[in-house]
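# Structural overview for review
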Amino acid sequence: MERSPGEGPSPSPMDQPSAPSDPSDQPPAGHAKPDPGSGGQPAGPGAAGEALAVLTSFGRRLLVLIPVYLAGAVGLSVGFVLFGLALYLGWRRVRDEKERSLRAARQLLDDEEQLTAKTLYMSHRELPAWVSFPDVEKAEWLNKIVAQVWPFLGQYMEKLLAETVAPAVRGSNPHLQTFTFTRVELGEKPLRIIGVKVHPGQRKEQILLDLNISYVGDVQIDVEVKKYFCKAGVKGMQLHGVLRVILEPLIGDLPIVGAVSMFFIRRPTLDINWTGMTNLLDIPGLSSLSDTMIMDSIAAFLVLPNRLLVPLVPDLQDVAQLRSPLPRGIIRIHLLAARGLSSKDKYVKGLIEGKSDPYALVRLGTQTFCSRVIDEELNPQWGETYEVMVHEVPGQEIEVEVFDKDPDKDDFLGRMKLDVGKVLQAGVLDDWFPLQGGQGQVHLRLEWLSLLSDAEKLEQVLQWNRGVSSRPEPPSAAILVIYLDRAQDLPMVTSELYPPQLKKGNKEPNPMVQLSIQDVTQESKAVYSTNCPVWEEAFRFFLQDPQSQELDVQVKDDSRALTLGALTLPLARLLTAPELILDQWFQLSSSGPNSRLYMKLVMRILYLDSSEICFSTMPGYPGAWDVDSENPQRGSSVDAPPRPCHTTPDSQFGTEHVLRIHVLEAQDLIAKDRFLGGLVKGKSDPYVKLKLAGRSFRSHVVREDLNPRWNEVFEVIVTSVPGQELEVEVFDKDLDKDDFLGRYKVSLTTVLNSGFLDEWLTLEDVPSGRLHLRLERLTPRPTAAELEEVLQVNSLIQTQKSAELAVALLSIYMERAEDLLLQKGTKQPSPYATLTVGDTSHKTKTISQTSAPVWDESASFLVRKPHTESLELQVRGEGTGVLGSLSLPLSELLVADQLCLDRWFTLSSGQGQVLLRAQLGILVSQHSGVEAHSHSYSHSSSSLSEEPELSGGPPHFTSSAPELRQRLTHVDRALRQNGRDPPDPYVSLLLLPDKNRGTKRKTSQKKRTLSPEFNERFEWELPLDEAQRRKLDVSVKSNSSFMSRERELLGKVSGQDGRTEVRAGSCWYQGYSPCEEVSTPRDPLEVTLSPLQWFGTSM
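Everything numeric here is computed off the predicted structure, so don't read it as measured data.

## Some words on the pattern of salt bridges
Summed over the entire model, instances satisfying the criterion amount to 26 salt bridges. Between arginine 192 and glutamate 140 there is a salt bridge; the shortest N-O distance is 3.4 Å. Taken together, the positions of arginine 192 in strand E2 (residues 192-198) and glutamate 140 in helix H4 (residues 140-172) put the pair 52 residues apart, joining distant regions of the chain. Take glutamate 140: its relative accessible area is 25%, and that puts it in the partly exposed class.

So this is what it looks like as structure tokens:
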């Protein structure tokens, strides 16, 4: 049968050879030519093709056996073969899943119109124009335009990759000099726009659209490095996400829109099908890692806060700010707790149900935070705080995901999402949010912080932040946005500038910039082969205290081995700049003579404007005394306002309290020390950390004790701002990282309201352990009548390990200064003041260019020796030195009315005056358990008969179980040396008649001294009637020798009922006398003892 020339041979199905894997390799049937010698019998080519397919299949199976043969040839274990087989199977499974997902997505995309029409009973017809959706609009006309443009976009991408990207890759590394793109095809499946949402009611100078895009494409991009015979590529990709497009600014000239900004609001989902060498990325473990790395690269380019900016008009102003605009606000996220979580841990193959080890991931855009793990808990308490920048409202969402921590793969417990627009509307949002995809709820407190462009409320914000406990980082008071533009005339790279081990010739540098604030460092990209680089990048920092922090800028070569220039900028400069902005050139140090850097620095103060939180009215702000309000014509030489005679602080001044924290002891702490690889269980070396009001304290370490006694006292100045907490943590001291032994939080409001708290606190987040704390609020009193009593009480309750206790609180209100010294006779200074008491200092803000600054600031200091300490004040000019100083002895306040001085003070060592208020308050303890004694007793025997009258009756007790405390100060009248070496004395105290460990105390041992000083305190807890029957035995001893347990007795004292009996001297002395004489047959000895005194404890 003859066939037309246009027809190809038509073999039967049985004769049809197996199709190749790639249809593109098979020529079209319409162009196949018949074999003239075949005689119409196509069996020959079919049989050959079938035989080739069989040989190919056999060859592939033979290749599988090659690793087995090689493993046996080199003597390797069969485990290597099994491991390789497992990797192959895992790779095959991941790859099949990706291909199956791509096929399903393509089929859904191809059949979308038919499925939609079939569902709506509208066969082969499109939706009418009147069909709309309430939230998202369809834009099929836009999809038709994209489909029409798609091939030409592929041509542009091929040209871009070949002419721009490939040369850049080849120049970045010598090993990639043969890098090339061998194939670039975007395929036939264009990107689709599922829906468009326009946000009305936003700013009038912009148009804001959200495009819901979906790309399931047959893109194919192949690359090759010919030098290493390496091929790789991508064949197929899925990308789904919401792309925001902003047309901004709108201008009154063509093309009406000045620029187009594009970015993803949230991280898009991505799935890539690899080819060539990149097939290895489909191995389990590497697959998720590779996708994550690619998503991170996309996020660094197109996910908020990063965006792609396309200017449409030349010379567009504020390009940097359009590319990286200021955040809309800051959200402070308090991750407090969760409840009702599902249990994921199973034991004994699921027979026993455990709990979960939950932790939370908090995410907003690219900003991600991870909480700590709470072991074995379905109702975890995190108590952590994070701060995130919000760039787009509406659109961005706060996402919290809760997981159960496991050694292999963490189990999902649930998630919640919340639009940031709700936080902006509420100001403060505190609620329990249900978890989707699981069970339970999570407790969040969300606070919207507005951005202020002036520094008026900075002191108010700092005061509030000092009273808020935040973990893991302290709360921020401001943010700093740095627009890094360009540099000029950087030095050339010469061989002399490099270290000897680096050989470099003279060439242009590859500059990059490192910007650091405290321990946070960010880096710019590197610009290659130029000494006038242009970066046009933005960087953002959170600031805890912009008054004291500095910005450090380092311009380096991309190898980081050579510094091209440096700059240090105090951030306090921005506080005096207009609108807190510096936009200028900065001269670089350690660089060329003309090397400089252009930056724009923008600072914004973070202010919580909520009706639930009330800040105190700070002086100098609305509501405080203002000269301008009294005389609106200030500046007139005729109607100049009168000079104030006294300060005008606000009502909150001088209302601080002092919290005295007694860290006493702990019990049943967990043992963390392990020896011999964990075979031998030791104890712990515990210590306590305290955090309150922005300050932290730490006790000493007690070695090898699970029931330690610290007996230390700490003091901190506190205010009545609500929400403050005392955070107590116990740790085990180790050489590397200290182990956690428990924590507890005490509400400061509870202590301030009650005035006293003495409790055993059960430590949290640990199986066992409790801590004994005693907290006392000390309220300053404006009278010196009780000063001597306070000094005596403090000396009695003073512990060995604690710092000297405060007896008074000094409050300083620094209002203003006048007639300060001018610079060079005419130039106005920029003054600030420093206040110092003891080792504590406070620095005021800097007032720019004035000789009559108004500070309106307050500071408080703890005073320990009011008779000898003084307030040291210095007024300095920024960059000019001291303008004047003042020294105010605190003894002057002790004789002043109400312990307060409020007037003008003349500065010495300069000129000018300052108006300040200094107010002293005596700290009287109401719960110390100490009865101070102001009587003096003689050393005569007649004083014995007068004892009841002098002592004023029996001692005062605050409870039925008082404590007996004894302080041993020092041993006088040098001991006689027995032998060549001095003794190693210590003092042993024993409550007779019992001689056991519970009644025995001893001091530390002093090495090789004849006049030891101890200054130690000892306590016994026993009923009053029993204590009156006991006798205190005091012995001074010394070790006889290194190898002997014998103790050499140097002297002995015993006492009963407040009296001290001196043996070998047969003489009685009054118990309150300052010293007692003790002698042995060998040598006279003098021991100084404070009075035996009863102290009550409130249990």
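Moving on, there is more to tell.
## What to know about helix H8 (residues 458-466)
For H8, the tally of buried residues reaches seven of nine residues, placing the bulk of the element in the interior. Within H8 the residues assigned to the buried category are Leu458, Glu459, Gln460, Val461, Leu462, Trp464 and Asn465. Of the surrounding elements, those touching the buried residues of H8 are strand E8 (329-339), helix H9 (572-575), strand E25 (596-608) and strand E40 (854-863).

## Let's talk about the side chain of aspartate 222
Within the element layout of this structure, aspartate 222 appears in strand E3 (residues 207-225). In this structure aspartate 222 is buried but unpaired, with arginine 183 as the nearest side chain of opposite charge at 4.6 Å. Ignoring any residue separated from it by four or fewer positions in sequence, one finds aspartate 222 in contact with Thr180, Phe181, Thr182, Arg183, Ala232, Gly233, Val234 and Thr275.

## Quick notes on empty space enclosed by the protein
Throughout the structure, instances matching the rule amount to three cavities of 30 Å³ or more. What the second largest cavity holds in volume is close to 60 Å³. In terms of lining, the second largest cavity is formed by 10 residues, of which the most central are Arg332, Val461, Trp464, Asn465 and Leu606. Elements with a contribution of two residues or more to the lining of the second largest cavity: H8 and E25.

## Things to note about the sheet that holds strand E11 (residues 358-364)
Here four strands make up an open sheet; going across it, the order is E12-E11-E14-E15 and the pairing antiparallel. Every interior strand has two partners, whereas the edge strands, strand E12 (367-370) and strand E15 (411-419), have only one. Here the strands of the sheet are splayed against their neighbours by 15° on average, with no regard to which way each runs.

## As for the packing of aromatic side chains
One pass over the structure, following the stated rule, counts nine aromatic pairs. When the centroid spacing of 5.9 Å and the interplanar angle of 25° are considered together, the rings of tyrosine 687 and phenylalanine 731 count as stacked. In this pair, tyrosine 687 is assigned in strand E29 (residues 686-692) and phenylalanine 731 in strand E32 (residues 725-732), connecting sequence segments 44 residues apart. Accessibility classification places tyrosine 687 together with phenylalanine 731 in one group, the buried group. Ring geometry for phenylalanine 697 and phenylalanine 714: centres 5.7 Å apart, planes at 40°, overall tilted. Of this pair, phenylalanine 697 sits in strand E30 (residues 695-698) while phenylalanine 714 sits in strand E31 (residues 709-718), and the two are 17 residues apart along the sequence.

## Let's talk about the nonpolar core
The biggest cluster of nonpolar side chains holds 41 residues, and the ones touching the most others in it are Leu480, Leu515, Leu551, Met599, Leu601 and Met603. The contacts of leucine 480, once residues within four sequence positions are left out, are Ile517, Phe539, Arg540, Phe541, Leu543, Leu571, Leu574, Leu601, Val602 and Met603. Counting 37 residues, the second-largest nonpolar core is a separate cluster that includes Val790, Leu835, Ala859 and Leu893.

## Remarks on the sheet that holds strand E33 (residues 739-747)
Strand pairing within a sheet occurs via backbone hydrogen bonds; the two strands may be parallel or antiparallel. Taken in spatial order, the four strands line up as E30-E29-E32-E33 in an open sheet, and their pairing is antiparallel. Each end of this open sheet is capped by a strand with a single partner; those strands are E30 and E33. Neighbour to neighbour, the strand axes of the sheet diverge by 15° on average, direction disregarded. By the bridge criterion, four bridges tie E29 to E30 in an arrangement that is antiparallel. Looking at the pairing, leucine 690 lines up with phenylalanine 697 of E30.

## Thoughts on a nonpolar patch on the surface
A grouping of Trp141, Ile145, Val149, Phe152, Leu153 and Tyr156 is seen on the molecular surface, where their side chains present a nonpolar patch of about 650 Å² in accessible area. Relative to the elements of secondary structure, isoleucine 145 occurs in helix H4.

## As for unusual backbone geometry
For the bond from glutamate 248 to proline 249, the omega torsion is -5°, close enough to zero to count as cis. When you line up the elements, proline 249 lands in the loop between strand E4 (230-247) and strand E5 (259-264). Residue proline 255 is bonded to the preceding leucine 254 through a cis peptide linkage, with omega at 5°. Tracing the chain through its elements places proline 255 in the loop between E4 and E5. Residue glutamine 518 is not a glycine yet carries a positive backbone phi of 55°. Locating glutamine 518 in the fold gives a position in the loop between strand E19 (511-517) and strand E20 (520-523). For glutamine 518, a relative accessible area of 59% gives the class exposed. Backbone geometry places glutamine 849, a non-glycine residue, at a positive phi of 50°. Summarising the element assignment, glutamine 849 is placed in the loop between strand E39 (840-843) and E40.

What counts and what doesn't
Here the residue numbers are simple positions, counted from 1 along each chain's written sequence. This being a predicted model, a pLDDT of at least 70 is required before a residue's local features are given, and a value of 80 or more before pairs of side-chain atoms are given or counted; all residues contribute to the totals for chains, interfaces and linings. Hydrogens and water molecules were not included; the side-chain quantities draw on all heavy atoms of the structure. For this document, the term salt bridge refers to a Lys or Arg side-chain nitrogen within 4 Å of an Asp or Glu carboxyl oxygen. Comment: elements are numbered from the N terminus, with helices defined as DSSP H or I runs of at least four residues and strands as E runs of at least two. Working definition: with a 1.4 Å probe on protein chains only, accessible area under 20% of the residue-type maximum means buried, over 50% means exposed, and in between means partly exposed. Residue contacts are defined here by distance: any two heavy atoms, one from each residue, within 4.5 Å place the two residues in contact. For this count, His and the chain ends are skipped, Lys and Arg are scored as positive, and Asp and Glu as negative. Grid spacing is 1 Å over the protein atoms alone, the probe is 1.4 Å, and a cavity is where that probe fits but cannot get out, while a pocket is an open set with protein on both sides within 12 Å along at least five of seven lines and lining residues have an atom within 4 Å of a point. Grid points are joined across faces, edges and corners, and a volume is the space filled by probe spheres set on the points. A pair of strands counts as paired when DSSP detects no fewer than two bridges linking them. Comment: axis = line fitted to C-alpha atoms, over the contacting stretch for helices; angle = value between 0 and 180 degrees taken between N-to-C directions. Think of it this way: a Phe, Tyr or Trp ring, Trp meaning its six-membered ring, pairs with another when their centres are within 6.5 Å, and the plane angle makes it stacked under 30 degrees, edge-to-face over 60, tilted otherwise. Residues belong to one nonpolar core when they are buried, are Ala, Val, Leu, Ile, Met, Phe, Trp, Tyr or Cys, and are joined through side-chain atoms within 4.5 Å. Residues enter a patch when their relative accessible area is above 30% and they make no salt bridge; the linking distance is 9 Å between like charges and 5 Å between nonpolar side chains (Val, Leu, Ile, Met, Phe, Trp, Tyr). All accessible areas in this document rest on Shrake-Rupley with a 1.4 Å probe, and a residue is counted as covered only by the protein chains that are shown.

Function cannot be read off these values alone, since they describe shape.
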